[in-house]
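Here are the chains, one letter per residue:
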Amino acid sequence: MILQCNNLFKAYKKNVFVINNLNLTLPKGRIIGLLGPNGCGKSTLIKMIAGVLQPTKGSILVDGKEVGHQSKAVVSYLPERPYFDPAMKVSELLRYFEEFYEDFDRERANRLLRDLSIDPEAKLKILSKGTKEKVQLILVMSRKAKLYLLDEPIAGVDPAAREYILSTIVSNYDSEATILITTHLITDVEQVLDEFIFFSWGGRVLKSGNADEERTRSGMSLDELFKEVYRCSQSF
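Below, the structure is looked at part by part. None of the values given here were measured: they were computed from a predicted structure.

At their nearest, the axes of helix α5 (residues 129-141) and helix α6 (residues 159-171) sit 11 Å apart, and the two run at 5 degrees to each other. In terms of orientation, α5 and α6 fall into the roughly parallel class. Touching Lys 134, Leu 137 and Met 141 of α5 are Ala 161, Ile 165, Thr 168 and Ile 169, all from α6. Among the residues forming the contact of α5 with α6, the class breakdown is five nonpolar, one polar and one charged.

See the structure below:
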């Protein structure tokens, strides 16, 4: 297993838990969708795995190690919102990642930039929102990590950009690595998923499993299935 969350809690206010006693394991070598509505705790969980937030209670193991310096060395994290200095050039970001991360593949990053006709000497502040997100994804996917955490990688971009982003995700990671994608846009992302996790309020797992097997069994898309499972969960 690449990830183990044991009895995990996260509260921003006393006794108001965004994540409430979550137990979760993720296998190696899979693309996994953490799927659910906005505000249900997906980003909070991703941030705790990445080490950006600390759990209120419980433990997280990444590749058998507690979240810290060693785990961060094998995790490549794409946050929901860009965080780079808009005055920086794309080439400066590449140099920064190359110096900071030993597993950064500069050749791969340059190739992806050429594929998208992105000028390495362009400053971030002159790029469109979608292009900025593509640059950030290129940086994240150009690391040779064991666990990729992609928080809403296709939110806020047009359908053509979504298609490129998803194809980039699929074609630019080691098959031994795991990708965890959070999104509420289930229809757009389900085509690339090996596994799914339906998340609901309080960080509750409603259902999880193999994406293809579940579609065959239910006769529904993951988006249709989520709506059915989520509706049933609200009636209890």
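There's more to say after this.
It is worth spelling out helix α8 (residues 211-218) at this point. One side-chain oxygen of the residue at the start of α8 lies 3.1 Å from the amide nitrogen of Asp 212, identifying that residue as Asn 210. Gly 219 lies just past α8 and shows a positive phi near 70 degrees.

Alignment of strand β1 (residues 3-13) against strand β4 (residues 57-62), held across five bridges, turns out to be antiparallel. By the bridge assignment for β4, Leu 3 is matched with Val 62. Linking β4 to strand β5 (residues 65-66), which pair antiparallel, is a turn of two residues; within it Asp 63 sits at a positive phi near 55 degrees.

Right, let's get into unusual backbone geometry. Positive phi values are uncommon outside glycine, yet Asn 15 reaches one of about 65 degrees. Take Asn 15: it is sitting in the loop between β1 and β2 (16-26). For Asp 63, which is not glycine, the phi dihedral falls at a positive 55 degrees. Of note, Asp 63 is situated in the loop between β4 and β5. Relative accessible area serves as the criterion here: at 15%, Asp 63 is assigned to the buried category.

Within a beta sheet, neighbouring strands are joined by backbone hydrogen bonds and run either parallel or antiparallel to one another. Taken in spatial order, the six strands line up as β6-β7-β8-β3-β9-β10 in an open sheet, and their pairing is mixed. Strands at the two margins of the open sheet, each flanked by one partner only, are β6 (75-78) and β10 (204-210). Across this sheet, the average inter-strand angle for adjacent strands is 15 degrees, counted without regard to direction. Sheet topology places β6 next to strand β7 (residues 147-151); four bridges connect them, and they run parallel. Within β7, the residue paired with Tyr 77 across the bridge is Leu 149. Together, β3 (31-35), β6, β7, β8 (178-183) and β9 (195-200) form the strand contacts of helix α1 (residues 42-50), whose direction differs from that of β7 by roughly 145 degrees.

The sheet built from four strands is open, its strands ordered β2-β1-β4-β5 with antiparallel pairing. Edge positions in the open sheet fall to β2 and β5, since each of these has one partner strand only. Sitting on the sheet, α1 is in contact with β1, β2 and β4, with an inclination near 115 degrees to β1.

A few words now on the side chain of Thr 44. In this structure, Thr 44 sits in helix α1. A relative accessible area of 8% means that Thr 44 is categorised as buried. Here Thr 44 is in contact with Lys 10, Tyr 12, Val 18, Ile 19 and Leu 53, once residues within four sequence places are set aside.

Moving on: the packing of aromatic side chains. The full count for this structure, using the stated rule, is ten aromatic pairs. Ring geometry for Phe 84 against Phe 97: centres 6.1 Å apart, planes inclined by 70 degrees, an arrangement best described as edge-to-face. Of the two residues, Phe 84 sits in the loop between β6 and α3 (90-100) while Phe 97 sits in helix α3, which places them 13 residues apart along the sequence. A residue is classified by how much of its surface remains accessible, and Phe 84, at 14% relative accessible area, is buried. Connected via pairs of aromatic rings, a cluster forms that spans Phe 84, Tyr 96, Phe 97, Phe 100, Tyr 101 and Phe 104. Between Arg 143 and the ring centre of Tyr 101, over which it is positioned, the NZ or CZ distance is 3.9 Å.

Cut-offs used in this document
- Throughout, a residue's number is its position along its own chain's written sequence, starting from 1.
- This being a predicted model, a pLDDT of at least 70 is required before a residue's local features are given, and a value of 80 or more before pairs of side-chain atoms are given or counted; all residues contribute to the totals for chains, interfaces and linings.
- Working from all heavy atoms in the structure, the side-chain values ignore hydrogens and water.
- Working convention: axes come from line fits to C-alpha atoms, limited for helices to the stretch in contact. Angles between N-to-C directions cover 0 to 180 degrees.
- Numbered from the N terminus, helices here are DSSP runs of H or I no shorter than four residues, and strands are runs of E no shorter than two.
- To sort the angles, those under 35 degrees are grouped as roughly parallel, those over 145 as roughly antiparallel, those from 65 to 115 as roughly perpendicular, and the leftovers as oblique.
- Contacts are residue-level and defined by heavy atoms, with any inter-residue pair within 4.5 Å sufficient.
- Classes in brief: Ala, Val, Leu, Ile, Met, Phe, Trp, Tyr, Cys and Pro nonpolar; Asp, Glu, Lys and Arg charged; the others, Gly included, polar.
- Definition of a polar contact: a pair of N or O atoms within 3.5 Å, with one able to donate and the other able to accept a hydrogen when the atoms are protein atoms, and with sequence-neighbouring residues admitted only if both atoms are side-chain atoms.
- We call two strands paired when DSSP finds no fewer than two bridges between them.
- To sort residues, take the accessible area from a 1.4 Å probe on protein chains only and compare it with the maximum for the residue type: under 20% means buried, over 50% means exposed, and anything in between is partly exposed.
- For Phe, Tyr and Trp, where Trp contributes only its six-membered ring, two rings pair if their centres lie within 6.5 Å, and the inter-plane angle classes them as stacked under 30 degrees, edge-to-face over 60, or tilted in between.
- Only lysine NZ and arginine CZ atoms are considered, and such an atom sits over a ring when it is within 6 Å of the ring centre and within 35 degrees of the ring normal.

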